[in-house]
Structures are given as C-alpha cells and as structure tokens.
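Understanding the architecture of this molecule
For reference, the chains in residue letters:
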Amino acid sequence: MLPIQNLLQIDKTLPVPVYLQIANGIVSIIKQGILRPGTLLPSSRKLAELLKIHRKTVIAAYDELLAQSWAETVPRKGLYVSQCLPEIRPRAILPIKLVIDYPATTGFEVAEKKSSYYIPYIARKERLSINEGFPDTRLAPVDLLIREYRRFANYKFTSKFLAYGPSQGSENLRNELSRFLSDTRGLHVSPANILITKGAQMAFYLVSQLLLKNGDRVVVGDPGYLGASEVFENAGADLHFVPVDENGIDTEAVEALCKRKKIRLLYVIPHHHNPTTVTLSSVRRMHLLELARKYQFAILEDDYDYDFQYSSSPILPLASVDHSGQVIYVGSFCKIIAPAVRVGFMVAPENLINQATRLRKIVDRQGEQLLEEAIANMLKNGDITRHLKKTNKIYHERRDLMCDLLEEKLSGKLTFKRPQGGFAIWASYAAGISPALVAEKARQLGLLVPSGEKYYHEKQKRYDEVRMGFASLDEKEIREVVEILKRSM
C-alpha cells in the first residue's frame, strides 16, 4: 500500500481544521495521479497511528472524501478512491482545438433602451473620494451581523430559512419592522402592509411597473434623484419637472400642473432631499397630501435616510398622516448598515402590497432569508437602535467639522447651508469657478470630486452646484480633502 502518510502535511497551528487538511491533502494526491481510482486507502485506525492523531479526526476526513465523492466504501473491504472522480474534465466539441473569442454581440436582434439619466458605474483609483453621500462602511456593525449568522448555526430550525420562503419577506422582519416604524416614524402599520425588497431601487421598479402605463405623467423635483427618474422613464412615463427650493418640492407648481394635466404619480424625498439636502416643510407636506386626495395621484415617498437627524426633531413622514391611502412609503437598511446589505422595504395599503409581492416573485423569487432573519434579530434586541445612536453622533461631528473647514478655508469660493441631517452638503461655487475644472484638478491630486453634471434633468449650459458627502470620511480625511479642494480652486 502506498505510504500516503509521507505525502500528507499537517500543521496544527493553521486555522484550517486537521481533518480538512488530511482530506484536502488526499484530494491533491488523487489529482496528481499518485492515487488512482480504485486504490484502497489505509484504515482509519492505521492512518491515525501513522499520523499520530486521534482516529476520529481521520474518520472525519474520510467522511469529507465520501461526501465529495472522492472516495467510496466497498462493504467488508474498506474505503477506496472513487472509480468516478467528481472533477469533470470537459471534452472538446471539435477534434481540432480552435481559439475563438467570445462573441461581442448577439446573433439576434436586441432593442437598445437608452436613458437620458443613466450614468454607468466606473471604478475609481483615487485615494480619496467625496461621494454623493454614503455611510462609512468602516462603521458597519458587521460583527453583530456575523454574530446572528453564528447563532443560526446552533439553531435546529435554521434549515427552514435555507429553503424557499415568503416572497413578501421574512415574517419576523416584517413584525419587527412594523414596531420599529411605529416607534421612529409614527407609522402604525401591520406586517401585511410591508414588502421586503432588495433596497429602495427595487421598490421604485415594482411601483413603476404596477402603476404606470406608457405616457402616464410622473412629477419629480428638479434637481432630483436621477436614479428614480430612470426607473419611471423605463416604464414609459412622461416626466414633468417642478422646482425644489429651501422648503422642498414646490407644491404650488405641483398644483398648477394638476390643474392642466392628469398626474398619475409624484415622487418626493421629504428628508435631506437628494441632491439639495433640504427638508420638505410641514405646510407643503399637508398641501401635497391634499392635492393627492383631490387629484387622485399616488405619492411615492422616498425616505432613504430618515434615521440620520442632527439639528432638530424630524418632521414625521407623509405616510404617518395619510388616511386615504395615497402614499407609498419606501426606506432601506442600506444606509443604516451598509450599501451592500440590500434590504429595503415598501409600506402601502394591503391591496398594493399583494400586487407588488406577486410581481416581486416574478422578478426575484424571494429575498435572502438568513440576512432578513439576522436583521430582524438585530432590531428585536436593540442592536440597530444602538448603532444608529453611535453613528448619528459620529456623522454629526463629521458634518460640523466639514462645514467649519469649508467656511474657514473656502470662504468666498463656496457657499452652502448646513444640512439638518443626512450624509452630504449641497454647495454652490462662486462665479467664475468651474466645478468640472475643480474636479479635474482635484483628481490629479488624488481626490475624486463630483463635477456637478448629474443633478438636473433639464441639462444646463453651466453647473454651479455639487453634492459633497462627508459621512464616509473620518476627521483626518476631511481635513486632507478640504486642503486639496483649496488647492484645486
């Protein structure tokens, strides 16, 4: 018998369990052709003696080989290298090996859908970045999330979370979320009024597909969040733009539009509007709800970062005082935890949630149940609330530092109003300063800065404003960023 113990290397200081080191070592020997199919392997007792380890460790290694089909048991004879190895080696279709590049285009017709607002994602190599306003992923409660996943490993019922589940989302998460929304937003809804989505963007898509037909009129603010406008445009909507000022979307302009045209949907960001960071005033909120009832249009309320307030008690969402079923409320955990944690939610009357759930099942059978269950636990035991308190304090300090430095270093070159919450500052350059030129000079110095070209729907000849995210930068980075900005003007 081949002395395979001499070919195996075991290092107990490695994080890889010894049984896996043995199993992986035997697989490697098989792949090299040293152990051929049909070769008898040493008994577990014998190999344990040769390797000077516990027999149970060898049994675990052999079980791993059996599970992966590298070995097979022959009754009353022993364990053999499998006759049919699990590694598949593809056979060429043609006898002659040809080097052919993968096709650049399809061999059938594909209609190209273009968007007026789509801006492709490009990975940047700059060391520092002023983004559009994202949370600091270094503060994400990853350890708490991992803790919940570890708990699942010890639960007897965890296997059910790995099977197909409800398309509407985890029942536990919807229960906990209904309590969370009641405590933080005054939204008294049941789990039946909640659909769990993969971020807010999926919710926008579901709403647009359910409510909009080709040519339906949708009202959006200008400047505004072009990611939502792209969704409405893709559904065939006819977009109508109304101005946004220091009090939010201009509801007088909305009313004037309603008197002339039939409106199907209005999209609004009530807190820390993207990009301008303004908050919709209480008077305009009530006016908007009155217009929605009178003219029978839906309000899509995007409350993406309601949980981050620094200056005063926040105004409650429109949905909290909507008693006629006009408002569809959308939020997510992508800003609370991290953008890569794609868990969002849509709150609406039950008839719309039922339709949206059916459509969501067509687009994506269900969400990630384990992740949803983990977030449900984090809500239940207060982890989310504690994390929000910590990050609000940190982001508040970063906002103040960024604003103080901009006022000190760039006075006369940059003007802005200190935002009440959120992750970004909406700033205007002084006359004669080109945002695009500043962005180019900063890039050469290792800083990525927005060039002010993706905020307005109606393209202008000149862009004076930029949205500057501060939340994802620590104190040292903020100071360095402001210095580079100063050198770039």
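Scroll up to find the structure this text is about.
Remember, it's a predicted structure, so these values are computed and weren't measured experimentally.

Quick word on the overall build of the chain
A count of helical and extended segments in the chain gives 14 helices and 15 strands. Computed over the C-alpha atoms, the radius of gyration of the chain is 29 Å, more than 25% above the 23 Å expected from 2.2 N^0.38 for a compact globule of 489 residues. If you line up the chain on its principal axes, its C-alpha atoms span 90 × 55 × 55 Å. Out of the 489 residues belonging to the chain, those deemed buried represent 50%. A sequence separation of at least 24 residues applies to 71% of the contacts in the chain between residues at least 6 apart. The chain carries 67 positive and 55 negative side-chain charges, and their two centres are separated by 7 Å.

Description of the pairing of strand 2 (residues 78–81)
The pairing of strand 1 (residues 71–74) with strand 2 spans 4 bridges and is classified as antiparallel. In the sheet register, threonine 73 faces strand 2, and the bridge partner there is leucine 79. If you look at the hairpin formed by strand 1 and strand 2, you'll find 3 residues sitting between the two strands, and arginine 76 has a positive phi there, around 65 degrees.

Brief notes about the sheet that holds strand 11 (residues 344–347)
Backbone-to-backbone hydrogen bonds join strands into a sheet, with any given pair of strands oriented parallel or antiparallel. Pairing in this open sheet of 8 strands is mixed, and the strands run 4-11-10-9-8-5-6-7 from one edge to the other. Every interior strand has two partners, whereas the edge strands, strand 4 (194–197) and strand 7 (248–249), have only one. The sheet contact formed by strand 6 (residues 238–245) and strand 7 spans 2 bridges and is antiparallel. Across the sheet, the residue bridging to aspartate 245 is glycine 248, located in strand 7. On top of the sheet, helix 10 (residues 350–363) reaches strand 4, strand 10 (327–332) and strand 11; it is set at about 25 degrees to strand 4, its chief contact.

Here's the deal with the environment of leucine 210
Its place among the elements puts leucine 210 in helix 6 (residues 199–211). As a C-alpha pair, leucine 210 and leucine 359 span 149 residues in sequence and 8.2 Å in three-dimensional space. Excluding anything up to four places from it in sequence, leucine 210 contacts Leu352, Gln355, Ala356 and Leu359.

Some details on the packing of aromatic side chains
Taken as a whole, this structure holds 8 aromatic pairs when the rule is applied. For the ring pair phenylalanine 204 and tyrosine 267, a centre distance of 5.6 Å and an interplane angle of 80 degrees mean the geometry is edge-to-face. Placement of the pair is phenylalanine 204 in helix 6 and tyrosine 267 in strand 8 (residues 265–268), with a sequence separation of 63 residues. In this pair, the class of phenylalanine 204 matches that of tyrosine 267, namely buried. Ring plane angle 55 degrees and centroid distance 4.7 Å describe the contact between phenylalanine 308 and phenylalanine 423, whose orientation is recorded as tilted. With phenylalanine 308 in the loop between strand 9 (298–302) and strand 10 and phenylalanine 423 in the loop between strand 12 (414–416) and strand 13 (424–429), this pair connects stretches of sequence that are 115 residues apart. Of the residues examined, phenylalanine 308 reaches a relative accessible area of 1% and is grouped as buried. The structure contains a cluster of three or more aromatic residues connected by ring pairs, namely Phe204, Phe232 and Tyr267.

Details of the sheet that holds strand 12
Taken in spatial order, the 3 strands line up as 12-13-15 in an open sheet, and their pairing is antiparallel. Edge positions in the open sheet fall to strand 12 and strand 15 (465–469), since each of these has one partner strand only. Averaged over all pairs of adjacent strands, the angle between their axes in this sheet comes to 40 degrees, without regard to strand direction.

Considerations on the packing of helix 13 (residues 435–444) against helix 14 (residues 475–488)
Relative orientation of the contacting elements helix 13 and helix 14 amounts to 120 degrees, with a least axis distance of 9 Å. Between helix 13 and helix 14, the angle is such that the two are oblique. The two elements helix 13 and helix 14 cross, and the hand of that crossing is right-handed. Counting all contacts with helix 13, which are made through Val438, Lys441 and Ala442, the residues of helix 14 involved are Ile484, Leu485 and Ser488. Considered class by class, the residues forming the contact of helix 13 with helix 14 number 4 nonpolar, 1 polar and 1 charged.

Description of the nonpolar core
In this structure, Ile299, Ile375 and Leu485 are the most contacted members of the largest nonpolar core, which totals 87 residues. The leading source of residues in this core is helix 12 (residues 383–409), at 8 residues. Ignoring sequence-local partners within four residues, the contact set of isoleucine 299 consists of Leu265, Leu266, Val268, Leu288, Leu289, Ala292, Leu318, Gln326, Val327 and Ile328. Ranked by size, the runner-up nonpolar core spans 31 residues in total, among them Met202, Phe204, Ala237 and Leu300.

So, the pairing of strand 4
Neither face of strand 4 is open: one carries Ile194 and Ile196, the other Leu195 and Thr197, and all of them are buried. Relative to strand 11, strand 4 runs antiparallel, the two sharing 4 bridges. Among the inter-strand pairings, threonine 197 is bridged to a residue of strand 11, identified as glycine 344.

Things to note about the pattern of salt bridges
Scanning all chains against the criterion turns up 24 salt bridges. Residue arginine 138 pairs with glutamate 477 through a salt bridge whose shortest N-O separation is 3.0 Å. Of this pair, arginine 138 sits in the loop between strand 3 (128–129) and helix 4 (142–153) while glutamate 477 sits in helix 14, placing them 339 residues apart in sequence. Of the charged contacts, one joins glutamate 397 and lysine 393 as a salt bridge, the two residues approaching to 2.9 Å between their closest N and O atoms. Of the two residues, glutamate 397 and lysine 393 both sit in helix 12, 4 residues apart, roughly one turn of that helix. Residue classification places lysine 393 among the exposed residues on the basis of a relative accessible area of 54%. Taken together, the shared-partner salt bridges connect Asp136, Arg138, Arg398, Asp474 and Glu477 into one network.

So, how was this worked out
- Residues numbered from 1 in each chain as written.
- Predicted model: local features only at pLDDT ≥ 70, side-chain atom pairs only at ≥ 80, totals over all residues.
- Heavy atoms only, no water.
- Helix = DSSP H or I, 4+ residues; strand = E, 2+ residues; numbered from the N terminus.
- Rg over C-alpha atoms; globule rule 2.2 N^0.38 Å.
- Buried < 20%, exposed > 50% of the residue type's maximum accessible area, 1.4 Å probe, protein only.
- Contact = heavy atoms within 4.5 Å.
- Lys, Arg positive; Asp, Glu negative; His and termini not counted.
- Charge placed at Lys NZ, Arg CZ, Asp CG, Glu CD.
- Pairing = 2+ DSSP bridges.
- Axes fitted to C-alpha atoms, helices over the stretch in contact; angles between N-to-C directions.
- Phe/Tyr/Trp six-rings, centres within 6.5 Å; stacked < 30°, edge-to-face > 60°.
- Parallel < 35°, antiparallel > 145°, perpendicular 65-115°, else oblique.
- Left-handed = near helix turned anticlockwise from the far one by under 90°.
- Nonpolar A, V, L, I, M, F, W, Y, C, P; charged D, E, K, R; others polar.
- Core = buried A, V, L, I, M, F, W, Y, C linked by side-chain atoms within 4.5 Å.
- Salt bridge = Lys/Arg side-chain N within 4 Å of Asp/Glu carboxyl O.

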